[in-house]
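A look at the structure
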Amino acid sequence: MSNPKFRIAICGGGVGGLTLAVALSRHQDITVDVYEAARSFCEIGAGVGVWPRAFRVLRKFGPDFEQQLLERCGYEYTEEYVAAVRSRKSDQPIGIELFDLMTKGKLMRFHRADFHGVLLSFLPPSCTTHNAKRLTSYTQPLEDCSGNSPITLTFKDGSTATCDVLIGADGIKSTVRPCMLRELAEGLDPDKKKSVLSCMNPIWSGVAAYRTLISAEKLRARFPDHRILKEFTQYMGKDAYFLAYPLFLGQYINFAGFTLERDLVDSAYDADTEIPRPSFKGKTDDEWVSELTAQQFVEPFKDFEEDAQQILECVEKGTLWAVHTVKTLPSINFRRVAIMGDAAHAMVPFQGSGAGQSIEDAYLLMTVLGHKSTTIETVPRALAIYDKLRRPFSSEVALRAMRSGQLCAFQEDVPLHELGDTITKNWEWAWLTELDDALEEAVRLLEDSSIDVN
Ligand SMILES: Cc1cc2nc3c(=O)[nH]c(=O)nc-3n(C[C@H](O)[C@H](O)[C@H](O)COP(=O)(O)OP(=O)(O)OC[C@H]3O[C@@H](n4cnc5c(N)ncnc54)[C@H](O)[C@@H]3O)c2cc1C
């Protein structure tokens with residue numbers, strides 16, 4: 001490109017970073033470099049689900065892109081109401097059917113590597129990808145007269161690079177977030193500074209996730225008519241519940257179980273915390289995942305109904321995750337640096353919305369950065385608009401996600417017959433609302449520079 005209007009570095013090539021890179025392909029006057037810590041982009045073994053609100057954003061990338069995604073998920077997109085999740089009260093010898101979560105449109109489920117594969121195949125020539133590039137820090141010069149000196153990136157291998165705009169899409173353990181918050185805290189009074197800096201590191205949510213894949217073949221051989229071979233079901237119990245559903249075109253059953261320790265919500269996760277989960281003891285902050293035997297894995301669900309036990313019998317081993325989140329941040333941008341996705345708002349997985357939120361961030365970032373009025377001088381205002389429109393929304397989603405888990409673990413005083421309505425109302429933003437209102441507002445703010453956006 002002869003004369004780009006600016007150069008964007010995206011740090012992190014996960015769901016959010018790659019979606020942003022694809023979205024920016026429609027702006028040929030912007031060059032994009034994606035720096036990814038891993039040697040390859042593909043994540044193997046885990047699924048990712050996208051609710052209609054975020055899927056409608058992906059559809060904006062055109063029919064070819066949508067077709068590629070649909071081929072990988074194996075079912076059609078619909079706007080009809082469907083029974084998405086069957087919910088049972090299962091912490092008793094004979095379980096009972098509680099409600100079906102009715103959603104307008106389906107949760108579109110993908111193998112994560114397939115999802116990444118589609119994004120990678122749509123990257124434009126104006127985007128260069130760099131693997132094995134782990135960012136360790138950046139330096140953003142204090143504004144000079146022209147306001148456009150480059151930002152310098154430093155990587156773990158000792159190399160450096162420059163850019164005009166830096167987007168941190170580097171996940172929950174983001175490097176960009178703490179660097180940016182330190183910049184933001186500079187010059188604040190001690191109390192405010194302490195409050196800003198307290199958001200740098202992820203915190204433990206009090207949630208432990210039990211994750212495994214079960215062979216559908218094995219379950220079918222023992223229990224040929226088991227509901228889970230066809231239906232997405234959640235088995236709910238006091239303080240613990242699990243979801244199970246077919247994945248990878250029916251080859252596997254994805255199992256995601258959770259325990260919620262309300263007293264430990266938002267506590268620091270450290271080796272000295274007395275957590276009644278033996279496998280977490282002695283773990284440092286960086287060791288959030290433990291291997292479990294089948295016996296350890298099924299322990300929280302051992303008093304569940306027979307239907308649940310049939311699934312648990314097929315578990316061979318699994319992993320236990322200490323689910324961490326990011327506190328509500330005071331800002332998700334500072335001058336020409338912004339963060340997105342899990343770096344900005346990692347949330348508990350109870351509404352399957354983390355990936356969707358990073359897709360929404362990506363599209364709004366593309367809208368503000370690609371707008372014709374945005375120049376290198378006005379990037380800080382464009383990113384302030386992104387902050388203004390996205391941060392309150394994703395914070396609200398994070399709260400709703402936590403509430404969903406608490407409702408499913410019977411931790412709120414809601415009568416059983418009202419539970420279905422309460423859970424649905426708390427969640428229906430994911431299929432009844434659109435990102436479009438925020439996109440229109442972003443354009444309005446961009447086109448009227450007299451409006452204060454801070
Ligand atoms: C097991 C599991 C299941 C989930 N299921 C769902 C679901 O069904 N639906 C849903 O919406 N959400 C789901 N989520 C949440 C969702 O995966 C995340 O919210 C989403 O991946 C966030 O995307 P991201 O791009 O912000 O971060 P990530 O996808 O985590 O990507 C961050 C990328 O940055 C790279 N990186 C990290 N540090 C650096 C660095 N210093 N320099 C360069 N690169 C770096 C990483 O290698 C990674 O590729 C799930 C999460 C987990 C863990």
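Please read these numbers as outputs of a predicted model, since none were measured by experiment. (Residues numbered from 1 in each chain as written. Predicted model: local features only at pLDDT ≥ 70, side-chain atom pairs only at ≥ 80, totals over all residues. Heavy atoms only, no water.)

1. Focus on the packing of helix 12 (residues 379-408) against helix 15 (residues 436-447)
Operational definition: Where helices are involved, their axes are fitted lines through C-alpha atoms of the stretch in contact, as for all axes, and angles between N-to-C directions lie from 0 to 180°. The secondary structure listing takes helices from DSSP runs of H or I that are at least 4 residues long and strands from runs of E that are at least 2 residues long, numbered from the N terminus. Note on convention: the crossing is left-handed when the near helix lies turned anticlockwise from the far helix by less than a right angle, right-handed when the turn is clockwise. Whether two residues are in contact is decided by their heavy atoms: any pair within 4.5 Å suffices. When residue character is reported, Ala, Val, Leu, Ile, Met, Phe, Trp, Tyr, Cys and Pro are called nonpolar, Asp, Glu, Lys and Arg charged, and the others, Gly included, polar.
Running from N to C, helix 12 and helix 15 cross one another at 145°; their axes reach a closest spacing of 10 Å. Here helix 12 and helix 15 pass one another in a crossing that is right-handed. Contact residues: Arg-381, Ala-382, Ile-385, Lys-388 and Leu-389 in helix 12; Ala-438, Glu-441, Ala-442, Leu-445 and Leu-446 in helix 15. Tallied by class, the residues present in the contact of helix 12 with helix 15 amount to 7 nonpolar, no polar and 3 charged.

2. Comments concerning the pairing of strand 11 (residues 165-168)
Using the following cut-off: With a 1.4 Å probe rolled over the protein chains alone, any residue whose accessible area is under 20% of its type maximum counts as buried; one over 50% counts as exposed, and the rest are partly exposed. Here, a strand pair is defined by DSSP locating no fewer than two bridges between the strands.
What you see with strand 11 is no split at all: Val-165 and Ile-167 on one side and Leu-166 and Gly-168 on the other are buried throughout. Note: strand 1 (residues 6-11) against strand 11, 4 bridges, orientation parallel. Bridge pairing in strand 11 places Ala-9 opposite Leu-166.

3. Topic: the sheet that holds strand 14 (residues 240-247)
Spatially, the 8 strands line up as an open sheet ordered 5-4-13-14-15-12-17-16, and their pairing is mixed. Edge strands, defined here as strands with exactly one partner in the open sheet, are strand 5 (96-104) and strand 16 (289-293). If you compare each strand with its neighbour and ignore which way they point, the axes differ by 25° on average. Bridge count for strand 13 (residues 233-237) against strand 14 is 5 bridges, and the pairing is antiparallel. When the sheet's bridge partners are listed, Gly-237 is paired in strand 14 with Ala-240.

4. Considering helix 4 (residues 112-121)
Among the residues of helix 4, those classed as buried are Ala-113, Phe-115, His-116, Val-118 and Leu-119. On its buried face, helix 4 is in contact with helix 1 (15-23), strand 3 (47-50), helix 2 (52-59), helix 3 (63-73), strand 6 (108-111) and helix 11 (354-370).

5. Comments concerning the site of the ligand
How we decide: Any residue with a heavy atom lying within 4 Å of a molecule or strand is counted as near it. By the criterion applied in these results, polar contacts are pairs of N or O atoms within 3.5 Å in which, for protein atoms, one can donate a hydrogen and the other can accept it, and in which residues neighboring in sequence qualify only through two side-chain atoms. Surface accessibility follows the Shrake-Rupley procedure with a 1.4 Å probe radius. Residue values consider only the protein chains on display as shielding.
Taken together, the neighbourhood of the ligand is formed by 30 residues, with Gly-16, Glu-36, Arg-112, Asp-342 and Ala-355 sitting nearest. In this structure, an oxygen atom belonging to the ligand sits 2.7 Å away from a side-chain N or O atom of Arg-112. Measuring from an oxygen atom of the ligand, one finds a backbone N or O atom of Gly-354 at 3.1 Å. For the ligand, whose free accessible area comes to 990 Å², the fraction covered by protein is 81%. At the level of elements, helix 1, strand 3 and helix 11 are the ones that each hand at least two residues to the shell around the ligand. Class assignment of the residues belonging to the shell around the ligand gives a composition of 9 nonpolar, 14 polar and 7 charged.

6. Here we look at the pattern of salt bridges
Our working rule: Criterion for a salt bridge: a side-chain nitrogen of Lys or Arg within 4 Å of a carboxyl oxygen of Asp or Glu.
Applying the stated rule across the entire model yields 29 salt bridges. Here Glu-360 ties to Arg-53 by a salt bridge, and the two come within 2.7 Å at their closest N and O atoms. With Glu-360 in helix 11 and Arg-53 in helix 2, this pair connects stretches of sequence that are 307 residues apart. With respect to class, Glu-360 is no different from Arg-53; both count as buried. Two residues, Asp-157 and Lys-133, come together in a salt bridge whose shortest N-O distance is 2.7 Å. Of this pair, Asp-157 sits in the loop between strand 9 (151-155) and strand 10 (160-163) while Lys-133 sits in the loop between strand 7 (127-130) and strand 8 (135-139); the two residues are 24 residues apart in sequence, bridging distant segments of the chain. Linked by salt bridges that have partners in common, Arg-86, Arg-88, Glu-97, Asp-100, Arg-227, Glu-231, Glu-305 and Asp-307 make up one network.

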